[in-house]
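Here's the letter readout for the chains.
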Amino acid sequence: MPTVLNIVSPMDALPPPKMEGVDVKVFYGAKQALFDVSLPVRNRSVTAMIGPSGCGKSTFLRCLNRMNDVILGARVEGAITLDGQNVYDKTVDVVQLRARVGMVFQKPNPFPKSIYDNVAYGPRIHGLSANKAELDGIVETSLKKAGLWKEVADRLDQPGTGLSGGQQQRLCIARAIAVSPEVILMDEPCSALDPIATAIIEELIDELRQNFTIAIVTHSMQQAARVSQYTAFFHLGYLVEYGETRQIFTNPKEARTQAYITGRFG
Amino acid sequence: MANEHLFKRFDEELSRLDSRISEMGGLAESQLARSLQAIRERDSGLAESVIAADVRIDAIEKDIQEHVLQMLALRQPMAIDLRQILSAVKMATTLERIADYAKNNAKRSLVLMQGAALPRAIGGIDRIGRLVQSLLTDVLDAFAKNDVAAAEAVWKRDEEIDDVYNGLFRELLTYMMEDPRTITAGTHLMFMSKNIERIGDHVTNIAELIAFRVTGTSFASDRPKGSGAIYRPA
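Residues numbered from 1 in each chain as written. Chains lettered and ligands numbered in written order. Predicted model: local features only at pLDDT ≥ 70, side-chain atom pairs only at ≥ 80, totals over all residues. Heavy atoms only, no water.

Draft legend 1. Just the overall build of chain A, in detail. Within chain A, the secondary structure is distributed over 10 helices and 11 strands. Against the compact-globule benchmark of 18 Å for 266 residues, chain A has a radius of gyration of 19 Å, which places it among compact chains. Here the C-alpha coordinates of chain A stretch approximately 70 × 40 × 35 Å along the principal axes. When burial is assessed residue by residue, chain A has 52% of its 266 residues classed as buried. Long-range contacts, defined as pairs at least 24 residues apart, comprise 67% of the intrachain contacts of chain A with a sequence gap of at least 6. Carbon together with sulfur atoms contributes 54% to the accessible area of chain A, which is approximately 11,900 Å² in total. Each charge class in chain A was averaged separately, 28 positive and 27 negative side chains, and the resulting centres sit 3 Å apart. (Helix = DSSP H or I, 4+ residues; strand = E, 2+ residues; numbered from the N terminus. Rg over C-alpha atoms; globule rule 2.2 N^0.38 Å. Buried < 20%, exposed > 50% of the residue type's maximum accessible area, 1.4 Å probe, protein only. Contact = heavy atoms within 4.5 Å. Areas by Shrake-Rupley, 256 points an atom, 1.4 Å probe, with all protein chains shown as cover. Lys, Arg positive; Asp, Glu negative; His and termini not counted. Charge placed at Lys NZ, Arg CZ, Asp CG, Glu CD.)

Structure follows, in structure tokens:
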């Protein structure tokens with residue numbers, strides 16, 4: 001074999017991990033769903049997790065803010081760190097953790113309340129505002145960051161459920177942003193949206209990474225390629241390959257990654 | 001290349017792309033061989049037929065470009081598929097250039113046929129021509145087999161062509177200095193040898209494309225280069 005140079009130039013210094021999974025194992029009862037996954041979620045960038053159904057990508061995502069705690073019989077081993085601290089440590093307050101590590105789900109799930117109250121809910125329960133004026137400010141800023149302000153500024157008192165699907169998803173993003181999280185987890189945030197609403201969310205994700213660390217689970221490889229800087233490919237509970245997105249989609253190192261992203265998985 | 005996509009038509013399209021490239025490669029090879037034969041045998045009919053056949057290669061190049069455009073838009077290829085498709089369009093452009101040089105040599109051979117034969121100079125053109133011909137054949141074989149090691153072997157041999165070309169260049173200069181009546185023919189022969197040398201460069205490009213499509217990487221070492229003697233004052 002000839003000696004070869006990699007065509008992908010090394011990225012300038014990689015951002016440090018904001019969160020990191022270290023030898024993470026997850027069990028649902030007797031069934032093991034994740035096997036020794038070690039994976040960084042780098043600061044102020046988008047990390048996409050891809051893989052076929054049941055590969056463990058959502059399981060890993062849900063470990064990041066301990067959403068697996070609510071699943072009966074779920075058990076997590078290994079460590080998940082946030083700024084170096086294990087989030088599974090007994091001293092960690094899960095409510096505080098979820099304020100720092102927010103989540104947006106597959107189906108938009110606004111509360112059956114007004115647009116204003118949807119966004120104000122988190123800041124209220126976490127006591128983030130001293131008065132109505134401050135709360136108004138948080139609501140406005142969050143809606144602006146989520147790219148929804150212009151569309152709803154004149155109808156904040158209307159129910160959130162009356163918005164279109166794409167608007168509802170952006171409302172959920174505004175709701176997640178309102179408590180000033182550091183990390184935002186997204187579990188297939190566009191799978192219930194049409195292509196235009198998807199493009200708007202993707203553009204939003206690209207903007208949000210200026211200020212937030214984002215981990216996204218997606219079934220759309222094109223979406224992972226478009227929005228992420230790092231991609232992790234999972235299969236049957238194992239992390240098969242992790243790398244810069246541009247490397248994963250042009251020259252994956254692992255045969256299983258190549259087979260999956262080129263549509264050869266059988 | 002690797003095949004068996006879940007979506008079967010994609011495999012058909014990829015293999016059609018490769019067979020069109022092979023077809024184009026075969027035609028370019030034949031154009032080069034026939035142009036050399038026309039020069040050697042002073043066969044104007046053969047030279048005319050080389051000139052006329054060039055449109056077929058142009059047509060395949062156009063077809064490959066359209067095919068690639070559609071595959072990029074409709075299949076959204078990734079990784080090895082993306083590299084295969086990108087390298088196909090570059091291969092098509094490269095093979096079209098090779099055929100173009102062969103055609104140009106056929107045209108110039110018609111001019112040469114109108115004057116006295118210059119057997120020694122023609123012999124020189126034929127030598128470099130056969131050398132390039134063998135490299136072109138080898139690189140197209142390497143393409144058909146996705147054989148990166150064979151491609152690299154071809155890639156390294158371009159140095160031989162450069163050396164023969166430099167010798168031929170000096171030889172032609174000498175003839176023209178000795179007898180100014182050979183300047184017209186000598187100038188055409190100069191361009192013809194340069195055309196053949198350029199075909200050799202395109203062969204190395206094809207070798208690099210083979211490495212890129214198979215491994216996603218290019219050859220690491222610097223390609224051995226000829227002495228560059230002709231660029232220095234005599």
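Continuing now.
Draft legend 2. Structural context of the overall build of chain B. Within chain B, the regular secondary structure consists of seven helices and one strand. Along chain B, helices (α) and strands (β) appear in the sequence α-α-α-α-α-α-α-β when read from the amino end. Compactness check: chain B gives a C-alpha radius of gyration of 19 Å against a globular reference of 17 Å for 234 residues, within 12% of the reference. Oriented by its inertia axes, the alpha-carbon framework of chain B measures out at about 70 × 40 × 25 Å.

Draft legend 3. Molecular detail of unusual backbone geometry. Residues and elements named next belong to chain A. Positive phi values are uncommon outside glycine, yet D23 reaches one of about 50 degrees. Position of D23 among the secondary structure elements: in strand 2 (residues 17-28). The phi torsion at D83 lies on the positive side, around 50 degrees, for a residue other than glycine. Note on placement: D83 falls in the loop between strand 5 (74-82) and strand 6 (85-86). Look at D83 and you get partly exposed, because its relative accessible area is 47%.

Draft legend 4. Region of the structure containing the nonpolar core. Residues and elements named next belong to chain B. Within the largest apolar cluster, 59 residues are counted, with the highest numbers of intra-cluster contacts made by I21, I64, L95, V139, L172 and L189. Listed by contribution, the elements that provide at least two residues to this core are helix 1 (8-41), helix 2 (44-75), helix 3 (79-113), helix 4 (119-145), helix 5 (148-156), helix 6 (158-178) and helix 7 (183-215). For I64, the residues in contact, after removing those within four places along its chain, are L17, R20, I21, M24, A88 and A92. (Core = buried A, V, L, I, M, F, W, Y, C linked by side-chain atoms within 4.5 Å.)

Draft legend 5. Structural view of the sheet that holds strand 9 (residues 213-217) of chain A. All names here are of chain A. Across the sheet, six strands lie side by side as 7-8-9-4-10-11; this open sheet has mixed pairing. Every other strand in the sheet has two partners, leaving strand 7 (101-104) and strand 11 (238-244) as the edge strands with one partner each. Adjacent strand axes in the sheet meet at a mean angle of 20 degrees, parallel and antiparallel pairs treated alike. By the bridge criterion, four bridges tie strand 4 (residues 46-50) to strand 9 in an arrangement that is parallel. By the bridge assignment, M49 is partnered in strand 9 with V217. Packed onto the sheet, helix 6 (residues 165-177) meets strand 7 and strand 8 (183-187) and runs at close to 170 degrees relative to strand 7. (Pairing = 2+ DSSP bridges. Axes fitted to C-alpha atoms, helices over the stretch in contact; angles between N-to-C directions.)

Draft legend 6. Examining the confidence of the model for chain B more closely. This prediction gives chain B a mean pLDDT of 92; 94% of its residues lie at or above 70. Here the predicted complex scores 0.84 on pTM and 0.76 on ipTM. (pLDDT = per-residue confidence, 0-100.)

Draft legend 7. Inspection of the packing of helix 1 of chain B against helix 2 of chain B at higher detail. All names here are of chain B. Axis separation between helix 1 and helix 2 bottoms out at 10 Å; the angle between their running directions is 160 degrees. Here helix 2 runs roughly antiparallel to helix 1, going by the angle between their axes. Remark: the crossing between helix 1 and helix 2 carries left-handed chirality. Looking at the contact of helix 1 with helix 2 residue by residue, the class counts come to 17 nonpolar, five polar and 11 charged. (Parallel < 35°, antiparallel > 145°, perpendicular 65-115°, else oblique. Left-handed = near helix turned anticlockwise from the far one by under 90°. Nonpolar A, V, L, I, M, F, W, Y, C, P; charged D, E, K, R; others polar.)

Draft legend 8. The pairing of strand 7 of chain A, seen in detail. Residues and elements named next belong to chain A. Covered by surrounding structure in strand 7 are V101 and M103 together with G102 and V104, the residues of both alternating faces. Bridge count between strand 7 and strand 8: four bridges; the pairing is parallel. If you follow V101 over to strand 8, its bridge partner there is V183.

Draft legend 9. Region of the structure containing helix 5 of chain B. All names here are of chain B. All of the buried residues in helix 5 are V148, A151, E152, V154 and W155. The arc that holds the buried residues of helix 5, viewed along the axis, is 160 degrees, so those residues lie on one side. Buried residues along helix 5 sit in contact with helix 4, helix 6, helix 7 and strand 1 (217-219). A distance of 3.2 Å separates the backbone nitrogen of A149 from a side-chain oxygen at the start of helix 5, and that oxygen is part of D147. (Arc of directions from axis to C-beta. Polar contact = N/O pair within 3.5 Å; in protein donor to acceptor, adjacent residues only side chain to side chain.)

Draft legend 10. Region of the structure containing the environment of A:G78. You can see A:G78 is positioned in strand 5. Other than its neighbours up to four places away in sequence, A:G78 contacts A:V22, A:D23, A:V24 and A:N86.

Draft legend 11. The packing of helix 6 of chain A against helix 7 (residues 195-208) of chain A, seen in detail. All names here are of chain A. At their nearest, the axes of helix 6 and helix 7 sit 9 Å apart, and the two run at 20 degrees to each other. The angle between the axes of helix 6 and helix 7 places the two elements in the roughly parallel class. For the crossing formed where helix 6 meets helix 7, the hand is right-handed. Contacts between helix 6 and helix 7 pair G166, Q169, R170, I173 and I177 from the former with A197, I200, I201, L204 and L208 from the latter. Of the residues in the contact of helix 6 with helix 7, the class split is seven nonpolar, two polar and one charged.

Draft legend 12. Summary view of the sheet that holds strand 6 of chain A. Residue and element names in this part refer to chain A. As summarised here, the arrangement of the four strands in space is 3-2-5-6, forming an open sheet in which the pairing is antiparallel. The two strands at the open ends of the sheet, each matched to only one other strand, are strand 3 (31-42) and strand 6. Bridge analysis of strand 5 against strand 6 gives two bridges, and the strand direction is antiparallel. The partner of T81 across the bridge, within strand 6, is N86. Docked against the sheet, helix 1 (residues 57-64) engages strand 2, strand 3 and strand 5, running at close to 120 degrees with respect to strand 2.

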